Amino acid sequence: MSYTLRERNGLAVPFAVWGLATVLCTIAGPFGTHAVLDVVPRFFYWAGIVALSVLGTAFCIRMGGMRPRRRRAVLWAGYVITLSGATHLVNSALFETWQGASHFLYLLGIVGVTVIVVHGAITLAKSVFAPADDAVPVDMQAVFLRRIPLEKRAPLIRMEAQDHYLNVVTQSGSALVLMRMQDAVDALAGVEGLQVHRSHWVAQAAVAAHRRDKGRDFLILSNGDEIPVSRSYRPFVQEAGLI
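Residues numbered from 1 in each chain as written. Predicted model: local features only at pLDDT ≥ 70, side-chain atom pairs only at ≥ 80, totals over all residues. Heavy atoms only, no water.

Engineer: I'm lost on the overall build of the protein chain in this one. Help?
Structural biologist: When its secondary structure is counted, the protein chain shows eight helices and eight strands. Counting all 243 residues of the protein chain, 31% fall into the buried class. Taking contacts inside the protein chain between residues at least 6 apart in sequence as the whole, the part at least 24 apart equals 42%. Surface exposure of the protein chain reaches about 15,200 Å², of which carbon and sulfur atoms provide 63%. (Helix = DSSP H or I, 4+ residues; strand = E, 2+ residues; numbered from the N terminus. Buried < 20%, exposed > 50% of the residue type's maximum accessible area, 1.4 Å probe, protein only. Contact = heavy atoms within 4.5 Å. Areas by Shrake-Rupley, 256 points an atom, 1.4 Å probe, with all protein chains shown as cover.)

So this is what it looks like as C-alpha cells:
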C-alpha cells in the first residue's frame, strides 16, 4: 500500500506541472497562438505540447540517473532536438505562416534556452534550500532497512531487481521489497554503494574481489555472490576503485 501511495505522489507533481502550464499557456497564448487559435483549440494545442515536454523531461531524468555527465548532456540534447522537431511538425500542419528551417532553428533555440534556465533554477534552489551543515545527519541505510523484517536488518550487501520487487540482501539474510531499483538507489543516496548493472546494486564495503572472464567483469562479494558489471556502469565501478 505504501508503495502505491509513493507512486501516486510521484505522478502528482508531473500532472500538476502539466495542468498549471497548460492553463497558463492557454490564457497567455504565447508565440502568437492567442491570435490564431480560439480558446478550445489553443487549450488542446498547449496540452499536447506541454505533455510532450513533461514526458520528455521525466524520461531524461530517469534515463540520465547516475550516467556520466557527457552521456546526460547527449540525452538532453536529443530531447531538445526531438521536442523542437515534433513542435515544428505540429506548427507546420496548423499554421500557414509556420514553414522552413528558420522557424525550426527558432524553436530549437527557445527549447534549448528553456531547458538550461530550468536546470539552472533547480540547481540554485537546491543550493539555497539545502540543509545546514550542522543539521543532524540521517542514516539513510537505517531508514531504507525499515522496509524489511526486523530480523533481517543489518548492513547491506546488495540488491537485485526481480520483476516488480527488489531482493534486498543483508548480513542477516534477504527479503523481497515491492520497489523499483531506481527508487531504492535514490533512497540510498549518501550510502557507500553503487549500481553496477541495471538489475544490481552493491555496497562498496561488501566487495571482496573482482573477476574478469571473457571480457565481462564480475564483483565477488563478502557472502560469495558474484555480481555482473554492465558496460554502461563500468566507469562508475572503475571510479570507485572496485575494478
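Now that the structure has been shown, we can carry on.
Engineer: Teacher, can you tell me more about the pattern of salt bridges here?
Structural biologist: Close approach of charged atoms lets side chains of opposite charge pair. A complete count under the given rule lists seven salt bridges for this structure. Across the pair Arg158 and Glu160 runs a salt bridge whose closest N-O atoms are separated by 3.0 Å. For the salt bridge of Arg211 with Asp213, the shortest nitrogen-to-oxygen distance reads 3.6 Å. (Salt bridge = Lys/Arg side-chain N within 4 Å of Asp/Glu carboxyl O.)

Engineer: What's the story with the sheet that holds strand β8 (residues 226–229) in this structure? I'm lost.
Structural biologist: Two orientations exist for strands paired in a sheet by backbone hydrogen bonds: parallel and antiparallel. Strand order across the open sheet formed by three strands is β6-β7-β8, with antiparallel pairing between neighbours. Every interior strand has two partners, whereas the edge strands, β6 (207–213) and β8, have only one. Each neighbouring strand pair of the sheet contributes to a mean axis angle of 30°, computed without reference to strand direction. Pairing of strand β7 (residues 216–221) with β8, which is carried by four bridges, proceeds in the antiparallel orientation. Bridge pairing in β8 places Leu219 opposite Ile227. (Pairing = 2+ DSSP bridges. Axes fitted to C-alpha atoms, helices over the stretch in contact; angles between N-to-C directions.)

Engineer: Sorry if this is basic, but what is going on with the sheet that holds strand β5 (residues 200–203) here?
Structural biologist: Here five strands make up an open sheet; going across it, the order is β3-β2-β1-β5-β4 and the pairing antiparallel. Looking at strand neighbours, the two that pair on one side only are β3 (173–178) and β4 (193–197), the edges of this open sheet. Averaged over all adjacent pairs, the angle separating strand axes in this sheet is 20°, with direction ignored. Sheet topology places strand β1 (residues 156–162) next to strand β2 (residues 165–170); six bridges connect them, and they run antiparallel. Along β2, the bridge assignment pairs Arg158 with Val169.

Engineer: I would appreciate a short explanation of the confidence of the model for the protein chain in the present structure.
Structural biologist: Close inspection of predicted coordinates is inappropriate for parts of the model with low pLDDT. Taken as a whole, the protein chain shows an average pLDDT of 85; of its residues, 88% reach a score of 70 or greater. Throughout residues 1–9 the model reports pLDDT below 50, and contacts reaching past four residues in sequence, or to other chains, amount to eight contacts. (pLDDT = per-residue confidence, 0-100.)

Engineer: Would you take a moment to explain helix α3 (residues 39–64) for this structure?
Structural biologist: Count 3.6 residues to each turn of an α-helix, and residues three or four apart come out pointing the same way. Over its 26 residues, α3 runs 37 Å from end to end, which matches the ideal 38 Å to within 8%, given 1.5 Å per residue. Along α3, the residues classified as buried are Arg42, Tyr45, Trp46, Ala47, Ile49, Val50, Val54, Gly56, Cys60 and Gly64. (Expected span 1.5 Å × (residues − 1).)

Engineer: Just checking my understanding: could you explain the packing of aromatic side chains for this structure?
Structural biologist: For the structure on display, the rule yields six aromatic pairs. For the pair Phe43 and Phe44, a centre-to-centre distance of 5.5 Å together with 80° between the ring planes defines the contact as edge-to-face. A relative accessible area of 58% places Phe44 in the exposed class. An aromatic cluster of at least three residues, connected via ring pairs, comprises Tyr45, Trp46 and Phe95. Over the face of the ring belonging to Phe218 we find Arg211, whose NZ or CZ atom lies 4.7 Å from the ring centre. (Phe/Tyr/Trp six-rings, centres within 6.5 Å; stacked < 30°, edge-to-face > 60°. Lys NZ or Arg CZ within 6 Å of the ring centre and 35° of its normal.)

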